[in-house]
Amino acid sequence: MNKFFITTAIDYPNGSPHIGHAYEKVLADVIARYRRLRGDEVFFLTGVDQHGQKMQQTADQEGVNVATLAARNTRKFIALWEKLGVHYDGWAATTDELHKKCVQEILATLYDEGQLYKKAYKGFYSVRQEQYLTEKDRGEDGQFGEEWGEVVELEEENWYFRLSEHAEWLKSAVTSGALGILPEFRRAEVLNAIERASETDLCISRPKDRLHWGIELPFDTGFVTYVWFDALINYISFAGYRSDETSSLPDFDTLWPANAHVIGKDILVPAHAIYWPCMLRAMGFTDDQMPMLLVHGWWNIRKKNAGPEEDDSEEKMSKSLGNVVDPAELAERFGVDAVRYYLVRDIVTGKDSAFDLDRLISLFNSELANDLGNLLNRSINMTKRFVGGELAEPNYDDDACKDVRCSLKDANKAYLAAMDAFDLPGALKAINSHVVRCNQFIEKNPPFELRKDDSQADRVSAILYHLCESCLHLSILLSPFLPDASAKIRGQLRAEQSFTGHLEDLSWGLLKAGHQTGKAKPVFPRIVLEEDQT
Ligand code: MSP
């Protein structure tokens, strides 16, 4: 049995989760469920990044204690994952004592080994990105761009990690693929960034008089750990790194390396592709112990009144623009299935997309309510009405039936190839192609007409068998995406136990002669907006 260790970025709980956060977690959840269905032993880790200046600042602005703010907002993230059916095996909260202990042990070891040094530094600092800036970070106009937010001049002593010493190694690890990066086009971006990293070390501390909300350096108590150095370690601290035998954490040697760190494009460079591998290398991790980075794009917002062709029709989601989409509200209004489906269906993994409510509704209504919903309803209803809900071993075959079996085989193959390549929209399109084919099969071989002729009884029964068997396969393929809907479909087919194996064992003939199907009930009720009803 293969292991599959998947993690996501851990979110800053300095506000409420938005659809960007939700997309990443649903994406990882779908992959985790798929790998499980493949037969892998999966461990899915996600959580919250509770330290750092952003958190302290928000707490100061809101006039609350930062620990209270972290705890309060963390609950919102946990509640959303529960609502959206995001099922993780490990929860990484960086204020957890076990994480703090791990970070401090790593720091102490790096300190003993001479990987850390202290020096005074005067320079510009981006409050928003929580990092020092260099001359290279200035734009063509000589100014620090908007992306850095407020930039202040600071002079202070700090601790540094000898990042530059690992730059040559990192270049070879990225070039050779030891550090996996998907999609492939991101590799060039990383190689570019390494050039810059080779000239500077990483400041890994913040003086306590400026930032108290962090993990204290074990060898210099006037400082806390830089939030990224602390947060990145979650991927190993909650996977059992340096844990004692009595801990309830997983066995690190079995779990590591991560098969996928699912992260957004904004935190690839420098954090995940530069700092993290160099930190691991300094801790003694070898080339074959490097993780794989699966980098997704961003959900942006479609500007109001933007024409279809405009280049600048999208904008970033931001509190100040007041365009943040609340996933909990969406799920409340349109249902969890619609939200999960849309979030992974309408964005190519790795690319950006523009959130569009009309698309959410139209994709749900066309692919789920219309195509799949109709297929399910008709298949189960006709089976009930025409053969009393009892399936028979097909005694009849023809080209149309063969075509259905062939279509399912093709869909299955395309689905597996797409899922293995993290192409979730591709997998959903493969599912839909078979749904569409089955609906055409009904149109061309209408059981409601054929049943009027007694001599066609075997044919009708074979058609119904092909339809119900197809519905069962479709529910299995759909289960990583829409686990609840998939369970409902299987319930209506009374086929909950008809397949408990792994995907590679999935083959035609799950439903046996004499199988009794259940009652059809709409699984995907059409979304009708109130204004459309009038
Ligand atoms: N705390 C850091 C990550 C530390 S990982 C060791 C962080 N947090 S975040 O809350 O700002 O972002 C969490 C994740 O959400 C990141 O992967 C980020 O790319 C992703 N997204 C934030 N906004 C997004 C969109 N609008 N669209 C898609 N994902 C986006 O960064």
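The structure under discussion appears in the preceding block.
Residues numbered from 1 in each chain as written. Predicted model: local features only at pLDDT ≥ 70, side-chain atom pairs only at ≥ 80, totals over all residues. Heavy atoms only, no water.

**A look at empty space enclosed by the protein**
Okay, step 1: Inspection of the entire model under this criterion finds 1 cavity of 30 Å³ or more.
Okay, step 2: As a volume, the largest cavity reaches approximately 40 Å³.
Okay, step 3: Lining the largest cavity we find Tyr 341, Glu 367, Leu 368, Leu 372, Leu 428, Ile 431, Asn 432, Val 435 and Leu 478.
Okay, step 4: For the lining of the largest cavity, the elements supplying multiple residues, two or more each, are α13 (357–387) and α15 (424–444).
Okay, step 5: It is α15 that contributes the most residues to the lining of the largest cavity, 4 residues altogether.
Okay, step 6: In terms of residue class, the lining of the largest cavity is built from 7 nonpolar, 1 polar and 1 charged. (1 Å grid on protein atoms, 1.4 Å probe; cavity = no way out; pocket = protein on both sides within 12 Å on 5 of 7 lines; lining within 4 Å. Points joined across faces, edges and corners; volume = space filled by probe spheres on them. Helix = DSSP H or I, 4+ residues; strand = E, 2+ residues; numbered from the N terminus. Nonpolar A, V, L, I, M, F, W, Y, C, P; charged D, E, K, R; others polar.)

**Structural notes on the site of the ligand**
Okay, step 1: Surrounding the ligand, one finds 24 residues, the nearest of these being Ile 10, Glu 24, Asp 49, Asp 266 and Trp 299.
Okay, step 2: Between an oxygen atom of the ligand and a side-chain N or O atom of Asp 266, the distance comes to 2.5 Å.
Okay, step 3: Trp 299 is positioned such that a nitrogen or oxygen atom in its backbone is 2.9 Å from a nitrogen atom of the ligand.
Okay, step 4: Coverage of the ligand by the protein amounts to 94% of the 660 Å² it exposes when considered alone.
Okay, step 5: Only α1 (19–38), α7 (227–232), α8 (234–237) and β12 (260–264) provide two or more residues apiece to the shell around the ligand.
Okay, step 6: Tallied by class, residues from the shell around the ligand come to 12 nonpolar, 8 polar and 4 charged. (Near = heavy atom within 4 Å. Polar contact = N/O pair within 3.5 Å; in protein donor to acceptor, adjacent residues only side chain to side chain. Areas by Shrake-Rupley, 256 points an atom, 1.4 Å probe, with all protein chains shown as cover.)

**Concerning the pattern of salt bridges**
Okay, step 1: For the coordinates displayed, the defined rule picks out 32 salt bridges.
Okay, step 2: We note a salt bridge from Asp 420 to Arg 38, for which the minimum N-O separation is 2.5 Å. Note that Asp 420 is positioned in helix α14 (residues 399–420) and Arg 38 in helix α1, a separation of 382 residues in sequence.
Okay, step 3: Salt bridges sharing partners connect three or more residues here, namely Arg 35, Arg 38, Asp 40, Asp 420 and Glu 504. (Salt bridge = Lys/Arg side-chain N within 4 Å of Asp/Glu carboxyl O.)

**Comments concerning the sheet that holds strand β8 (residues 202–203)**
Okay, step 1: Read across the sheet, 4 strands follow the order β5-β4-β6-β8 without closing on themselves; strand pairing throughout is antiparallel. Each edge of the open sheet carries a strand with a single partner, namely β5 (131–133) and β8.
Okay, step 2: Where strand β4 (residues 116–126) meets β5, 3 bridges bridge the pair, whose relative direction is antiparallel. If you follow Tyr 125 over to β5, its bridge partner there is Tyr 132. (Pairing = 2+ DSSP bridges.)

**What to know about the pairing of strand β11 (residues 220–225)**
Okay, step 1: Relative to β11, strand β9 (residues 205–207) runs antiparallel, the two sharing 3 bridges. The residue of β11 that forms the bridge with Ser 205 is Thr 225.
Okay, step 2: A loop of 2 residues connects strand β10 (residues 216–217) with β11, the two strands running antiparallel in sequence.

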